[in-house]
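# Fold and contact review
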Amino acid sequence: MALEQHPVGALEQALEAQHERLMPCVHCGFCLPACPTYNRLGDEADSPRGRLHLMRAVVDGRLSAASEAFRRHIDRCLGCRACEPVCPSGVEYGTLLELARDVAGRSRPPVLSTRLMLAVFSSRLWRGLFFLGGRLLRSTGLAALGTRLLPSGGLLGSARLGLAMVAATGPWRASRRWTEGQDGTTSHAGAVGSASADPDRAQKPPPPSRATPVVADRHRSTDRIRVGLLTGCVQEGLYARVNAATRRVLEANGYDVVEVRGQECCGALHAHGGDLEEARRLARANVASFEAAAVDLVAVNAAGCGAAMKEYGTWLSNDTVDDMAERAAALARKTRDVSELLSESGPRRGAPLRGVVAYDHPCHLLHAQRLEQPPLSVLAAVPELEVRVVEGASECCGGAGIYGLTHPDLGGRIGGDKVRSVLAASADVVATPNPGCMMQIGAGLRLAGADLGVVHPVELLDESYRRAGYYAGGPSGSRGPRPSGGI
Amino acid sequence: MTEPLAPTLERRLVELVGRDHVITEADRLLVYESDGLSAYRWPPRAVVLPATTEEAAGVLRLLHGEGVPVVPRGAGTGLSGGALAAEGAVIVGTARMNRILALDPENRVARLQPGVQNTRLTDAARPYGLYYAPDPSSQTACTIGGNVAENSGGPHCLKYGVTTRYISGLTLALADGELVKIGGAGTDPEAGYDLVGLVVGSEGCFAMAVEVEVRLLPLPEAVRTLLGIFASVADAARAVTAIIREGLLPAAMEIIDQNTIRAVEASVYAAGYPTDAGAALVVEFDGTDAGLDADARRAEACCLSAGAREVRRARNAGERLALWQGRKKAFGAMGRVAPDLLVQDATVPRTKLPEVLERIGEIAKRYDLTIGNVFHAGDGNLHPNVLFDRRNTDERERVEAASKEIMALCVEVGGTITGEHGVGVDKRKYMKLVYGPDEIDAMRDVKAVFDPRGLFNPGKVLPDAEVSA
Ligand SMILES: Cc1cc2nc3c(=O)[nH]c(=O)nc-3n(C[C@H](O)[C@H](O)[C@H](O)COP(=O)(O)OP(=O)(O)OC[C@H]3O[C@@H](n4cnc5c(N)ncnc54)[C@H](O)[C@@H]3O)c2cc1C
Ligand code: SF4
Ligand code: SF4
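No experiment lies behind these values; they were computed from the predicted model shown.

Another aspect to go through is the site of ligand 3. Residues in close proximity to ligand 3 include A:Cys35, A:Pro36, A:Pro48, A:Arg51, A:Cys77, A:Leu78, A:Gly79, A:Cys80, A:Arg81, A:Ala82, A:Cys83 and A:Tyr93, which together make up its full environment. Its residues assigned to classes, the shell around ligand 3 comprises 9 nonpolar, 1 polar and 2 charged.

Once that is clear, we can look at helix α8 (residues 233-245) of chain B. All names here are of chain B. Over its 13 residues, α8 runs 18 Å from end to end, which matches the ideal 18 Å to within 8%, given 1.5 Å per residue. Within α8, 10 of the 13 residues are buried, which leaves it mostly tucked inside the rest of the structure. For α8, the full list of buried residues reads Val233, Ala234, Asp235, Ala236, Ala237, Ala239, Val240, Thr241, Ala242 and Ile243. The inward-facing, buried residues of α8 abut β12 (222-230), β13 (252-257), β14 (279-287), α10 (292-305), α13 (353-366) and β18 (370-376). Remark: Gly247 follows α8 within two positions and exhibits a positive phi of approximately 85°.

Inspection of every chain in the model, using the stated rule, returns 57 salt bridges over all chains. We note a salt bridge from B:Arg28 to B:Glu25, for which the minimum N-O separation is 3.4 Å. For B:Glu25, a relative accessible area of 34% puts it in the partly exposed group. Where salt bridges share partners, they join A:Asp43, A:Glu68, A:Arg72, B:Glu25 and B:Arg28 into one cluster.

So, about the site of ligand 2. Taken together, 13 residues surround ligand 2, and among them A:Cys25, A:Cys28, A:Gly29, A:Cys31 and A:Cys87 come closest. Class assignment of the residues belonging to the shell around ligand 2 gives a composition of 9 nonpolar, 3 polar and 1 charged.

All names here are of chain A. Spatially, β6-β5-β7-β8 is the arrangement adopted by the 4 strands of the open sheet, whose pairing is parallel. A strand with exactly one partner marks an edge of an open sheet, and here the two such strands are β6 (385-389) and β8 (453-455). On average, each strand axis in the sheet is inclined to that of its neighbour by 30°, with strand direction left out of account. Bridge analysis of strand β7 (residues 429-431) against β8 gives 3 bridges, and the strand direction is parallel. Opposite Val430, over in β8, you have Val454 as the bridge partner. Most of the contacts of helix α26 (residues 457-468) go to β8, to which it runs at about 90°, and overall it touches β5 (355-359), β6, β7 and β8.

Before going further, it helps to examine the domain arrangement of chain A. Residue and element names in this part refer to chain A. As far as domains go, chain A holds domain 1 (2-107) and domain 2 (349-468). Taken residue by residue, the interface counts 15 residues in domain 1 and 15 residues in domain 2. Where domain 1 abuts domain 2, roughly 1300 Å² becomes buried across the two surfaces, and 60% of that area is made up of carbon and sulfur atoms. The residue Asp417 makes a salt bridge to Arg40 at a minimum N-O spacing of 2.9 Å. Seen at the junction of domain 1 and domain 2, the total is 4 residue pairs in polar contact (both at pLDDT 80 or more). When residues of the side of domain 1 that touches domain 2 are assigned to their parent elements, the largest contribution, 5 residues, is made by helix α3 (residues 36-41). Here the residues of the side of domain 1 that touches domain 2 are counted per class, giving 7 nonpolar, 3 polar and 5 charged.

Once that is clear, we can look at the side chain of B:Asn381. Residue and element names in this part refer to chain B. Following the sequence through the fold, Asn381 ends up in strand β19 (residues 381-388). Relative accessible area serves as the criterion here: at 4%, Asn381 is assigned to the buried category. There is a polar contact of 3.1 Å between the side chain of Asn381 and the backbone oxygen of Ala346. Once residues within four sequence positions are removed from consideration, Asn381 is found in contact with Asp345, Ala346, Thr347, Phe375, His376, Gly419 and Glu420.

Here is what the cut-offs are and how they apply
Residues numbered from 1 in each chain as written. Chains lettered and ligands numbered in written order. Predicted model: local features only at pLDDT ≥ 70, side-chain atom pairs only at ≥ 80, totals over all residues. Heavy atoms only, no water. Near = heavy atom within 4 Å. Nonpolar A, V, L, I, M, F, W, Y, C, P; charged D, E, K, R; others polar. Helix = DSSP H or I, 4+ residues; strand = E, 2+ residues; numbered from the N terminus. Expected span 1.5 Å × (residues − 1). Buried < 20%, exposed > 50% of the residue type's maximum accessible area, 1.4 Å probe, protein only. Contact = heavy atoms within 4.5 Å. Salt bridge = Lys/Arg side-chain N within 4 Å of Asp/Glu carboxyl O. Pairing = 2+ DSSP bridges. Axes fitted to C-alpha atoms, helices over the stretch in contact; angles between N-to-C directions. Domains from an automatic or database assignment. Buried area = accessible area lost by both parts, 1.4 Å probe. Polar contact = N/O pair within 3.5 Å; in protein donor to acceptor, adjacent residues only side chain to side chain.

Structure below.
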């Protein structure tokens, strides 16, 4: 089934073209209890089955795509896709939602904040400025200050949430307990990700001589797999340290991480925000860039971006120019979450970290990509690290792009519940492999006055490798500490 | 489209439960026009979502005062159209009445609001080594309130019995908003009339359950799950009869036919049923560990002598879960095969199963329809699921005619028109196949005791003059 690339004005036909996708919904209701918005609001129009029913009503011509009801309930969906894995009929809700948003957006433009954000993410220049501003707010401490001083309601409340999200992107400082070395001595490391001099501004991968750490013997062969890293906009803009850690960790597991020039925003935000046209443009650019880099596989460390890239084949299925449809599908088949790559390779074990980490599943990893074990296996490669999966980890954190800004009340409730269950895990640090979730949970914790850092799981593995001496450079590294169970 | 609520009534409802919980816009009401049986579309006049017993009673009082009919609705997974709003009725939904109020492990009872999902109750009880026994296939989604109304069954009801055995007390809000408590902690179920038993299974036509007290059971110590693979449904049915004849009492015996196997195997709940098999039979034993293996072996022998080409045993909890998931999600999985589905429900004497199944196959062939059978074979409870496409008018008519023949067939062999999904709106037309006018009058009299003005869930169960939707 293809996503029609339809002219404006043919809205209903666009959904109609999805008849085959909508029809399998047999109205059984199994998806209701999986839905965070239904669970909190109790209105079936805010349930997956209800939203599908509204879509079908539009297709059948019984409801206008411009109606308040259609827009409100389609808008209020988090896009978390928790309704997909529980659906016995295999309704492809995520794809239908993107289309419904596109249809709703054409009949009535989305709210200003959504449009602004999509515009920023469409242009490299704007993106660059936006994240530069973010980093400035963070490094000057203004973000943290605003989080403390601004009131929680109204427009200023939104600004406060935004600033808290920015402030939350700073590197995590390990507590004393974590920094104790294996023999009880204190290591020099203070912050996870401190392996590179200025982690958050590391715009380019380190030069190959340094970037090739000592790897286990079985990976010394010449047929190392060439992977291109999707650097991502938020990830590169505010979490460059996560990209740096990803490169190091992949290299240490025997992958060749190559630079992919000309890559763009993955388009996920545009697709979710109702601008499929722009999402497709970005996707085409990425297809070309990753092809040019001749990579075997694409590594993605942001769950939302990975889920989107795995859908490129669907997005561009009707694009016949230059065989784009097949090329997009081919790129989608090569796309892997970083945890998939790592768990395929072992992953290699590092040095112990003594602490407790609370793990939360990003929806776009668990529900959209159906990856439950791989990220946990990344954490399991860190000896002595105690992993506690957050209670209700399969439920959305309420981040969902800028949901917290567009739906402050509901987003706040969903986020608040997540913060409570994260705190209940009594961990030293929180790990979740998606920048949006890292920001949302981090901001929620800050606003709740909790001093708990949020990291990407690969950051912990990276720290563990650094302590194990895998990055010491040169052959000496191989004589460094080799924890038991190493590959 | 029915006329909107009077503005004063709407305002008072809003004052009572809050603006967000009174839904009156026609566009939003669309999503409430169907339940799990999407062949019917009856949009309600409004939907009100109270959160507490007092709010629910208040809502009913207000609506009753204005003579507006009401319909309780749980998760809307019902398969007989029971939660649909006939005659300009207002839906009173329990989605926000979803708290477990008390769980008493000592006395093995729990008190809960009606909107709690069946599985959530068991999840809450499990840490105490307890569970809630009735397990409708829809248990992750359907509510206890809906289960009470439909007296729902499930695969394990073969051994454990249906909902009514597990409901020890109810707080009811009557049509006029009066709250009445029946049964409940400390009362002797044997003394006096069994009022709780009267209300359970009344299909939401007597009163709204606003609080439910349930009995919990200790989790069985051990389980053995078998899967028999057969060349035909008739062979599988013969195995069921043989197992019962052996004097064995499995916790569950479920048959899944070839059409359904194929749908399940194509879904996310693929259970590893061989797609070339004519039927699969799931048999489960539970209880104390000692003796279960012997039971399982005897059942295995029964299957083999009935012609099973293979009998497998789930080796661990994961395999067992997969086997069950396949069965429990079978109905939803049918959505893959055809856009619309009519789930039928009837009961026949167990020994008649092979004959009835054969004749259902003939009916399907005659009307050129695909019918997938999944059923609680131990109880003789059949679910012939008719696949169709509602856009095809001719096919829709054939579905209707075939359904009628199937019902008549079940009644003819000594069975009845529903096993567990209830009569609702869908089976009213068949009521006269099984009941005479006196019995139907008696039912009407009982309803009038609870609901003298006939404002509670009108247009359901009893074969009145056709209601206008
Ligand atoms: C895939 C699937 C599988 C199913 N499997 C089974 C099965 O194995 N066994 C089985 O028995 N059923 C089964 N069902 C049918 C259905 O799930 C049950 O009838 C269930 O009990 C309905 O619960 P609900 O909360 O969805 O109720 P609804 O569908 O919302 O309502 C059903 C009826 O209950 C009434 N009602 C709801 N709440 C209350 C209340 N608080 N007080 C009074 N009346 C109320 C309504 O008015 C209506 O008449 C299945 C359904 C589906 C879709
Ligand atoms: S679970 Fe799937 S088939 Fe069932 S109502 Fe939800 S979307 Fe429809
Ligand atoms: S995507 Fe998430 S919020 Fe949206 S309908 Fe599905 S479960 Fe609900």
